[in-house]
Amino acid sequence: MVRSLAENMIECENLVKIYKTEDIEVLALQGLELTVKKGELMAIIGNSGSGKSTFLNMIGGLDRPSAGRLYVDGLDLFKLSETELVAYKRDTVGFVWQNNARNLMPYLTAVENVQMPMMFTARKRQKEHALELLELVGMGHRKNSKLSSLSGGEQQRIAIAIALANDPKLLLADEPTGSVDVRTSDYLLDTFRALNEELGLTIVIVTHDRHLAKKVNRVVSIRDGKTSSEMIMRQSYKQRMQELEGLDDGMAEAMTEAAHEEFTVLDKAGRLQIPSQMLDEIGATSHKVKLEVVDGRIVIAPEDAAEKEQA
């Protein structure tokens, strides 16, 4: 049941998810491959329908994969029984949703909301632990507040405290900044970064917002249900991270683009996805391209490149 994954919190290979109805089959994940190390803070980006939220549901234990391999903290999620899956969702993962109605119960105070997940465990000092978590996310002063009196950003910080209630090893956030402004978004992402650094918590954030790239070391892009590319933060930029604070959005975005190197992901079968804008730039209009090794590099050219050279 348990594999020894000393470094990896998440390991998936050739992950497939098919949703079926009476009339149609939808292939949400098409052989996705991804590894997330323990203690990593990373983001998954992609357009609507790319498969990023489906993947989050897979690793969160909210949905079953159709095929492939998926391990989280050494557990084979394909082999977990329903009882084991309940324990996994209770003890291993914490979830922060974009929709605050899924995070908080409106008739409870903030501290009561944080205590709620602890009711299903044998934890002692539940209220004290809830208050500690609220302080951790900067919401101790709002412990007695209910949903209606909290701003969107405050609700999301309390949602993070709720997700941490049972001391999970993995924190999953689905579009956590989707309903807040840029300033509040920055504050929430700073909260995630602090939790990652102080607690060593593995955090995976799914979003369509590329603005958060400056806050994380690795950004994985999913396209058409597959991992298509990764952006890795340059080491030199990590030392200058604080310089971004206080910059206007345009300057911050420009520095963010310069801060990361982008890599196309090569799967185990040697396949890769080339961004459409790059194919447009070289004039590749058909479904075939020419490959050639030149000076130790693989050069990709349009199908008619050779004909143009001869002409």
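Residues numbered from 1 in each chain as written. Predicted model: local features only at pLDDT ≥ 70, side-chain atom pairs only at ≥ 80, totals over all residues. Heavy atoms only, no water.

Q: I would appreciate a short explanation of the side chain of threonine 177 in the present structure.
A: Note on placement: threonine 177 falls in the loop between strand 7 (170–174) and helix 7 (182–199). In this structure, threonine 177 is in contact with Ser185, Leu188, Leu189 and Asp209, ignoring residues within four places of it in sequence. (Helix = DSSP H or I, 4+ residues; strand = E, 2+ residues; numbered from the N terminus. Contact = heavy atoms within 4.5 Å.)

Q: Help me understand unusual backbone geometry in this model?
A: Leave glycine aside and you will find that most residues have negative phi; peptide bonds, for their part, are mostly trans. A positive phi angle, near 55°, is found at arginine 125, a position not held by glycine. The topology assignment puts arginine 125 in the loop between helix 4 (110–115) and helix 5 (126–136).

Q: What is the right way to read the confidence of the model for the chain from this model?
A: Low pLDDT marks stretches whose predicted atomic positions should not be read closely. Mean pLDDT over the chain works out to 80, with 78% of the residues at or above the 70 mark. Confidence drops under a pLDDT of 50 for residues 235–244, and excluding neighbours within four residues, the segment shows 15 contacts in the predicted structure. When the criterion is pLDDT under 50, residues 251–256 qualifies, and its contacts beyond four places in sequence or with other chains add up to nine contacts. (pLDDT = per-residue confidence, 0-100.)

Q: When you look at the nonpolar core in this model, what are you seeing that I'm missing?
A: Generally speaking, soluble globular proteins have nonpolar side chains that are buried together. Formed by 36 residues in total, the largest nonpolar core has its most connected members in Val114, Leu134, Ile158, Ile160, Leu171, Phe192 and Ile203. Every element with two or more residues in this core is listed here: strand 3 (41–45), helix 4, helix 5, helix 6 (152–163), strand 7, helix 7 and strand 8 (202–207). Examining the composition of this core, we find that six residues originate from one element, helix 6, more than from any other. Sequence-distant contacts of phenylalanine 192, that is, excluding residues within four places in its chain, are made with Ile160, Leu171, Ala173, Pro176, Ile203 and Ile205. Leu32, Met58, Leu70 and Leu75 belong to the second largest nonpolar core, which has 30 residues in total. (Core = buried A, V, L, I, M, F, W, Y, C linked by side-chain atoms within 4.5 Å. Buried < 20%, exposed > 50% of the residue type's maximum accessible area, 1.4 Å probe, protein only.)

Q: Any chance you could explain the packing of helix 6 against helix 7 here in plain terms?
A: The description of two helices packed together rests on the angle between their axes and the distance between the axes. Close contact between helix 6 and helix 7 brings their axes to 10 Å; oriented N to C, the two are set at 15°. When the interaxial angle is binned, helix 6 and helix 7 end up roughly parallel. For the crossing formed where helix 6 meets helix 7, the hand is right-handed. In contact with Gly153, Gln156, Arg157 and Ile160 of helix 6, helix 7 contributes Thr184, Tyr187, Leu188, Thr191, Phe192 and Leu195. In terms of residue class, the contact of helix 6 with helix 7 is built from five nonpolar, four polar and one charged. (Axes fitted to C-alpha atoms, helices over the stretch in contact; angles between N-to-C directions. Parallel < 35°, antiparallel > 145°, perpendicular 65-115°, else oblique. Left-handed = near helix turned anticlockwise from the far one by under 90°. Nonpolar A, V, L, I, M, F, W, Y, C, P; charged D, E, K, R; others polar.)

Q: Can you walk me through helix 6 in this structure?
A: Structural remark: α-helix, 3.6 residues per turn; residues separated by three or four positions point the same way. Over its 12 residues, helix 6 extends 16 Å from the first C-alpha to the last, a length consistent with the 16 Å expected when each residue adds 1.5 Å. The buried fraction of helix 6 amounts to 11 of the 12 residues, a majority that puts the element mostly inside the structure. Buried residues of helix 6: Gly153, Glu154, Gln155, Gln156, Arg157, Ile158, Ala159, Ile160, Ala161, Ile162 and Ala163, and no others. (Expected span 1.5 Å × (residues − 1).)

Q: I keep staring at the environment of threonine 285 and nothing clicks. Help me out?
A: Along the chain, the position of threonine 285 falls in the loop between helix 10 (276–281) and strand 12 (289–294). Through-space distance from the C-alpha of threonine 285 to that of aspartate 304 is 9.6 Å; in sequence the pair is 19 residues apart.

Q: Where do I start with the pattern of salt bridges in this structure?
A: Pairing between side chains becomes possible if they bear opposite charge and their charged atoms approach one another. Applying the stated criterion across every chain yields a total of 11 salt bridges. Its salt-bridge partner being arginine 69, residue glutamate 11 comes within 3.6 Å of it at the nearest N-O pair. With glutamate 11 in strand 1 (residues 8–20) and arginine 69 in strand 4 (residues 67–72), the pair connects residues that are 58 residues apart, well separated along the chain. The exposure class assigned to glutamate 11 is buried, which follows from its relative accessible area of 16%. One salt bridge connects glutamate 82 with arginine 64, and the closest N-O pair in it is separated by 3.2 Å. Here the residue glutamate 82 occupies a position in helix 2 (residues 82–91), and arginine 64 occupies one in the loop between helix 1 (52–59) and strand 4, the gap between them amounting to 18 residues. Each of Glu11, Glu13 and Arg69 takes part in one network of salt bridges that share partners. (Salt bridge = Lys/Arg side-chain N within 4 Å of Asp/Glu carboxyl O.)

Q: In this structure, what is going on with the pairing of strand 12? I would like to understand it.
A: Where strand 12 meets strand 13 (residues 297–302), six bridges bridge the pair, whose relative direction is antiparallel. Opposite valine 289, over in strand 13, you have proline 302 as the bridge partner. (Pairing = 2+ DSSP bridges.)

Q: Got a minute to help me understand the packing of aromatic side chains in this structure?
A: In this structure the tally under the stated criterion is one aromatic pair. Ring geometry for phenylalanine 95 versus tryptophan 97: centroids 4.2 Å apart, planes at 5°, classification stacked. Under the relative-accessibility criterion, phenylalanine 95 is labelled buried at 15%. Owing to a relative accessible area of 12%, tryptophan 97 belongs among the buried residues under this scheme. Above the ring of tyrosine 19, the side-chain terminus of lysine 17 is found at 5.0 Å from the ring centroid. (Phe/Tyr/Trp six-rings, centres within 6.5 Å; stacked < 30°, edge-to-face > 60°. Lys NZ or Arg CZ within 6 Å of the ring centre and 35° of its normal.)

Q: Is there a simple way to explain a nonpolar patch on the surface in this structure?
A: A contiguous nonpolar patch, built from Ile282, Val289, Leu291, Val293, Ile298 and Ile300 and spanning about 550 Å² of accessible area, is present on the exposed surface. Contributions of two or more residues to the nonpolar patch are made by strand 12 and strand 13. Sorting elements by how many residues they give to the nonpolar patch places strand 12 first, with three residues. Turning to its location among the elements, isoleucine 300 is positioned in strand 13. (Patch = residues over 30% accessible without salt bridge, like charges linked within 9 Å, V, L, I, M, F, W, Y side chains within 5 Å. Areas by Shrake-Rupley, 256 points an atom, 1.4 Å probe, with all protein chains shown as cover.)

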